[in-house]
Amino acid sequence: MSSAARVPPGGLADNMSVHGSTEALSSSAVNRMLLDVLLYLGRAVVLCYPVYLTGYLGLSVSWVLLCMVMITWWKKNRQWKDVRIGSAIKFVDDERIVIDKELQGGLQMASWIHFPDEEKVDWVNKVLEQAWPFFGMFMEKLLRNNIQPAVRQSSGALKTFSFTKIHFGHKPLKITGIKAYTHEVDHREVILDMNVCYESDVDIDGEVKPALTAGVKGLTMKGMLRVILEPLIGQAPLVGGVTFFFIRRPTLEINWTGMTNLLDSPAFSSLSEGTIMDIIASLMVLPNRMCFPLIDQVKVDHMRFPLPRGVVRVHLLAARNLVAKDTYMIGLIKGKSDPYATVRVGNRHFQSKTVKESLDPTWNEVYEFVVHEAPGQQLEVELFDEDTDKDDFIGRYFLDLGEVKREKELDKWYTLEGIQHGEVHLKLQWFGLQDDASLLKEIPDGFASAMLAVYLDSASNIPKDNSELTHNQKPGKISREAQLTRKASSPSSFVELSLGDDVQKSKVAFSSKDPVWEEGFTFFVHDISSEQLVIQVKEHEKKTALGILSLPLTRLLNTSNMMLDQRFLLERSGANSQIKLKATLRVLTLEKPPPKVIIDPPRDPPALADQGQDIAASTLSLPTQSSLELSSTHHPAAQASPTAVPEQNGAHSTNGLAPSRPYDTWHPPASKAMRRYDSHSLLSENSIASSRFDLSDGASYPEPLRKYQGSLGEISLTIRYATLRKKLIILVNACRNLFPSNENGTDSYVRIYLLPDQSWRHRKRTQVVRRTVNPVYNDKIEFEVPLEEAQTRMLDVSVKNNRMFNLRLRKDIGMTQIDLAQMDVVKGVSDWFELTLPGLKKSN
């Protein structure tokens, strides 16, 4: 659950006014009104003068109509040409994106063709198609044995309800795409996101009374289903349990039959489908989950309601350059908008205040949300223009909260989608959940300091009504009045939980003295010393209390792990009425962004005594020099003098590599005649394919690059070691502010070596992204290497221009090296790294 603390803005703009209030007109307001009137008169003259001129000259009205037809035809033709030209330009600029989109939408791709984020899983659809008749048999038993009795108990008017026909059709559920998370999550779990599409020919009929029938014939449901396999274990069946749920509410369309045809009308369709969606949401939309444990050691409550991933605090600051939706004088004059924003995470949403007559509103409001799944759950921000009849849409933005969890803090302007222009300013902070009471402190501005998670399990011996309540009688005895009025039926009850002003309700457990709810709830805590959780078990129809429990939050501070998991005796209830629940308190701690890795700039080689030594020293590449510098702090033997470098290199073979040697003692060759280029020729397995060093004076950087005085840009990398797969994984995300090789930008790609392996077969590279200095690659590169060895190596990363300035000139436009020993590769690092070029002497 979520709460919001709204911070009032610093002041209202001078031109803002509230409807129903009056204010003195300033000179600027009068000038603006006069300008609007003059513009209106000018437009009227321009439109009416041709008509007047036609009548004055005695021309036929046909000329006016002909001119209007010609102008209309010209506008339509011009608009069609602009669309075609724009489509051609977009296709040229985003060729790969357009082709992928067209292929996904228009072709049935083969199962071996993969896209960056999602994969087709035709084999899963074939399994579902084969197993669909048996799924229908299972659902028929579920509806008759479980759903039908529940419907009968829900209302007295439905006591005779029964299913007369149940058929789930011949069209099975289809999975249109699947994405697996293995590196972003815990090592003992696997997360799958499935795009589910169910266009069914289902045929289900029900009967309330002989004259009243209801039915469903066909439905369509689309959404994203998350499947979690956890924990992974070392014995059969390898998975301890399966959990699945919808991250967001799926879309649902139902074709009703029988007397329920009335529900197909627009007035009732949204109501009926919304009611069914509420039922689905109560079962399997976050935070609700459907769980199936496969071994006895797995606790259902841990699967059904695990602790949330964290809390995100959303600062809705401002927006700018919004679209003006309000118009005056029959649309001739464009006005402004009265914008407000809705902020949503899952089922919790808030609406901001409305800023009158502004295209650059300032809100300065803060909201807090509990995040159950990250990555997966999204922050949804939508902007509307408030009107008296229907609010106009002016943009939206979706942000995966996994990015906030990774970055810890974001403060950016985000471009709105679904609209011509506009931006929204958001600041997001990620809070972790800690069980250390010493971290607890009072938070100013009304923000939450802790979070309370409550798992409501069940109750026992709940009285049917007030007649069975016992306050002072001895346990085990039942009053005479209760014995006379007691009926055979059991109570239908629900639970109301409240913490301060936040009140939440459970589902109704029908006709049971021992109800089972199995639901989870979360509350934000502001003052632990004074707040308490109040739990009331209430009768369904009369809303009378059947039992009360008050739990002070200070009691949780003195328990192990700040958690209570037990049965509690209810007050003002039966003699032995109890409720079972688990309450967990967690302190909110603001997590700081991970420290950025600062790469030291390359150092010039030291001056040597003679020319031969100077040439040999110039052959040292950036990764070699830096590796020697870094390793020298740990290995004194590696601190060799400059004069010793040629001698050491001379002892090696001419290929320049000694695979059996440790990395900290490896050096490049010192042959004066050797010339280095990137080439696509077939080199030997041990030849070096890097352009990192060049031994002759003629192999220099191109003149435009030597004269370039700006920054060479940065590269975004995510580095992580997959322990189970025993692979080092590098995600090449993007680059920014690269050197522009021409007026259209740069055709760039990224080449990576895991030093000291620099042979051609160890070369890894990304795709080429054309005509931009801010390319986005989203490519994954893997190196199969043991963890102990990976923690001692270095990454040699080079950004290259695909279009060479000259066949004999270097293609590098930026380089960096990353020492894996300086980071936790198991936990993973995602950061921007500065690009440099070794030995580049820029002219002034």
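Residues numbered from 1 in each chain as written. Predicted model: local features only at pLDDT ≥ 70, side-chain atom pairs only at ≥ 80, totals over all residues. Heavy atoms only, no water.

## What to know about the overall build of the protein chain
(1) Moving on: Across its full length, the protein chain carries 14 helices and 34 strands.
(2) Moving on: Out of the 844 residues in the protein chain, the part that is buried amounts to 42%.
(3) Moving on: Counted over contacts in the protein chain with a minimum sequence separation of 6, partners at least 24 positions apart contribute 65%. (Helix = DSSP H or I, 4+ residues; strand = E, 2+ residues; numbered from the N terminus. Buried < 20%, exposed > 50% of the residue type's maximum accessible area, 1.4 Å probe, protein only. Contact = heavy atoms within 4.5 Å.)

## Some points on the side chain of Arg-226
(1) Moving on: Structurally, Arg-226 is set in strand E5 (residues 212-229).
(2) Moving on: Taking the relative accessible area as the measure of exposure, Arg-226 reaches 1% and is therefore buried.
(3) Moving on: Reaching out from Arg-226, the side chain makes a polar contact with the side chain of Glu-373 at a distance of 3.0 Å.
(4) Moving on: A polar contact is formed between the side chain of Arg-226 and the backbone oxygen of Pro-375, at a distance of 2.7 Å. (Polar contact = N/O pair within 3.5 Å; in protein donor to acceptor, adjacent residues only side chain to side chain.)

## Observations regarding the pairing of strand E13 (residues 348-351)
(1) Moving on: The pairing of strand E12 (residues 339-345) with E13 spans 4 bridges and is classified as antiparallel. Along E13, the bridge assignment pairs Val-343 with Phe-350.
(2) Moving on: In textbook terms, the turn of a hairpin is the stretch between consecutive antiparallel strands, and for E12 and E13 this stretch comprises 2 residues, one of which, Gly-346, has a positive phi near 65 degrees. (Pairing = 2+ DSSP bridges.)

## Comments concerning the sheet that holds strand E20 (residues 493-499)
(1) Moving on: Strands sit in the order E21-E20-E23-E24 across an open sheet of 4 strands; the sheet is antiparallel. Two strands close off the open sheet at either side, each with one partner strand: strand E21 (502-505) and strand E24 (545-552). Geometrically, the sheet is characterised by an average inter-axis angle of 15 degrees between neighbouring strands, direction not taken into account.
(2) Moving on: Taken together, the 4 bridges between E20 and E21 define a ladder with antiparallel strand orientation. (Axes fitted to C-alpha atoms, helices over the stretch in contact; angles between N-to-C directions.)

## Thoughts on the sheet that holds strand E31 (residues 776-784)
(1) Moving on: Read from one edge to the other, the open sheet built from 4 strands follows the order E31-E28-E27-E34, with strand pairing classed as antiparallel. The sheet is open, and its two borders are formed by E31 and strand E34 (829-834), each paired with just one other strand. Averaged over neighbouring strand pairs, the angle between their axes works out to 25 degrees when direction is ignored.
(2) Moving on: By the bridge criterion, 9 bridges tie strand E27 (residues 714-722) to strand E28 (residues 727-736) in an arrangement that is antiparallel. Opposite Leu-717, over in E28, you have Val-732 as the bridge partner.

## With respect to the pairing of strand E15 (residues 378-385)
(1) Moving on: Taken across its 8 residues, E15 has 6 buried, putting it largely inside the fold.
(2) Moving on: As judged from the 6 bridges shared by E12 and E15, these two strands associate in the antiparallel manner. From the neighbouring strand, Thr-342 faces E15, where its bridge partner is Glu-382.
(3) Moving on: Direction of pairing for E15 relative to strand E16 (residues 392-400): antiparallel, over a ladder of 7 bridges. Within E16, the residue paired with Phe-384 across the bridge is Phe-393.
(4) Moving on: Where E15 hands over to E16, the hairpin turn is made up of 6 residues, counted between the paired strands.

## Digging into the nonpolar core
Generally speaking, a soluble globular protein has its nonpolar side chains buried in company with each other.
(1) Moving on: Formed by 34 residues in total, the largest nonpolar core has its most connected members in Ile-715, Ile-719, Leu-728 and Leu-795.
(2) Moving on: Mapped by element, the contributors of at least two residues to this core are E27, E28, strand E29 (748-755), E31, strand E32 (794-801), strand E33 (812-819) and E34.
(3) Moving on: Excluding anything up to four places from it in sequence, Leu-795 contacts Ile-719, Leu-728, Ile-730, Ile-752, Tyr-753, Leu-754, Phe-783, Thr-816, Gln-817, Ile-818 and Leu-820. (Core = buried A, V, L, I, M, F, W, Y, C linked by side-chain atoms within 4.5 Å.)

## Quick notes on the side chain of Ser-573
(1) Moving on: Structurally, Ser-573 can be placed in the loop between strand E25 (563-569) and strand E26 (578-590).
(2) Moving on: When its relative accessible area of 1% is taken as the criterion, Ser-573 is described as buried.
(3) Moving on: A polar atom in the side chain of Ser-573 sits 2.7 Å from the backbone oxygen of Leu-546.
(4) Moving on: A polar atom in the side chain of Ser-573 sits 3.1 Å from the side chain of Ser-577.

## Some thoughts on the environment of Arg-793
(1) Moving on: With respect to the secondary-structure elements, Arg-793 resides in the loop between helix H14 (787-790) and E32.
(2) Moving on: The buried category is assigned to Arg-793, whose relative accessible area is 10%.
(3) Moving on: Separated by 25 residues in the primary sequence, Arg-793 and Ile-818 place their C-alpha atoms 8.8 Å from one another.
(4) Moving on: The contacts of Arg-793, once residues within four sequence positions are left out, are Leu-754, Leu-755, Pro-756, Asp-757, Val-785, Ile-818, Asp-819, Leu-820 and Ala-821.
(5) Moving on: Among the polar contacts listed, one links the side chain of Arg-793 to the backbone oxygen of Leu-754, at a separation of 3.5 Å.

## A word on the pattern of salt bridges
Side-chain pairing between opposite charges can occur once the charged atoms of the two side chains come close.
(1) Moving on: On inspection of all chains with the given rule, the structure shows 24 salt bridges.
(2) Moving on: Residue Arg-309 is joined to Glu-189 by a salt bridge in which the shortest nitrogen-to-oxygen separation is 3.8 Å. Of this pair, Arg-309 sits in the loop between helix H6 (300-304) and strand E9 (310-320) while Glu-189 sits in the loop between strand E3 (174-181) and strand E4 (190-209), and the two are 120 residues apart along the sequence.
(3) Moving on: Taking relative accessible area as the criterion, Arg-309 reaches 29% and is therefore assigned partly exposed.
(4) Moving on: For Glu-189, a relative accessible area of 5% gives the class buried.
(5) Moving on: Close ionic contact of Glu-382 with Arg-396 constitutes a salt bridge, the shortest N to O distance being 3.2 Å. Highlighted residues: Glu-382 in strand E15 and Arg-396 in strand E16, separated in sequence by 14 residues.
(6) Moving on: A single salt-bridge network, built from bridges that share partners, covers Glu-189, Asp-193, Arg-226, Arg-289, Arg-309 and Glu-373. (Salt bridge = Lys/Arg side-chain N within 4 Å of Asp/Glu carboxyl O.)

## Quick look at a nonpolar patch on the surface
(1) Moving on: On the surface, Val-45, Tyr-49, Tyr-52, Leu-53, Tyr-56, Leu-57, Leu-59, Trp-63, Leu-66, Met-70, Trp-73 and Trp-74 cluster together to form a nonpolar patch covering roughly 1400 Å² of accessible area.
(2) Moving on: When residues of the nonpolar patch are traced back to their parent elements, those giving at least two are helix H1 (27-56) and helix H2 (61-93).
(3) Moving on: Within the secondary structure, Trp-73 is located in helix H2.
(4) Moving on: Owing to a relative accessible area of 52%, Trp-73 belongs among the exposed residues under this scheme. (Patch = residues over 30% accessible without salt bridge, like charges linked within 9 Å, V, L, I, M, F, W, Y side chains within 5 Å. Areas by Shrake-Rupley, 256 points an atom, 1.4 Å probe, with all protein chains shown as cover.)

## As for unusual backbone geometry
(1) Moving on: Cis geometry is adopted by the peptide bond preceding Pro-237, which originates at Ala-236 and carries an omega value of 10 degrees.
(2) Moving on: A cis amide bond links Ala-374 to the next residue, Pro-375, at an omega of 5 degrees.
(3) Moving on: Examined against the element boundaries, Pro-375 turns out to sit in the loop between strand E14 (362-371) and E15.
(4) Moving on: In this structure, Asn-321 takes a positive phi of about 55 degrees despite not being glycine.
(5) Moving on: What makes Asn-321 partly exposed here is its relative accessible area of 44%.

## Topic: the packing of aromatic side chains
(1) Moving on: Taken as a whole and assessed by the stated rule, the structure comprises 11 aromatic pairs.
(2) Moving on: Ring centres of Phe-135 and Phe-168 lie 6.1 Å apart, and the angle between their planes is 80 degrees; this geometry places the pair in the edge-to-face category. One end of the pair, Phe-135, is in helix H4 (residues 122-154); the other, Phe-168, is in the loop between strand E2 (162-167) and E3, and 33 residues separate them in sequence.
(3) Moving on: Using a relative accessible area of 13% as the deciding quantity, one classes Phe-168 as buried. (Phe/Tyr/Trp six-rings, centres within 6.5 Å; stacked < 30°, edge-to-face > 60°.)

## So, the environment of Arg-720
(1) Moving on: Inspection of the secondary structure puts Arg-720 in strand E27.
(2) Moving on: When the C-alpha atoms of Arg-720 and Glu-782 are compared, they prove to be 9.9 Å apart, with 62 residues separating the residues in sequence.

## Quick word on the confidence of the model for the protein chain
(1) Moving on: Considering every residue of the protein chain, the mean pLDDT works out to 75; 72% of them sit at 70 or more.
(2) Moving on: Across residues 470-476 the pLDDT falls below 50, and counting only partners more than four positions away or on other chains, this stretch makes 8 contacts in the model.
(3) Moving on: Per-residue pLDDT stays below 50 along residues 599-699; that stretch engages in 145 contacts with residues further than four places along the chain or on separate chains. (pLDDT = per-residue confidence, 0-100.)

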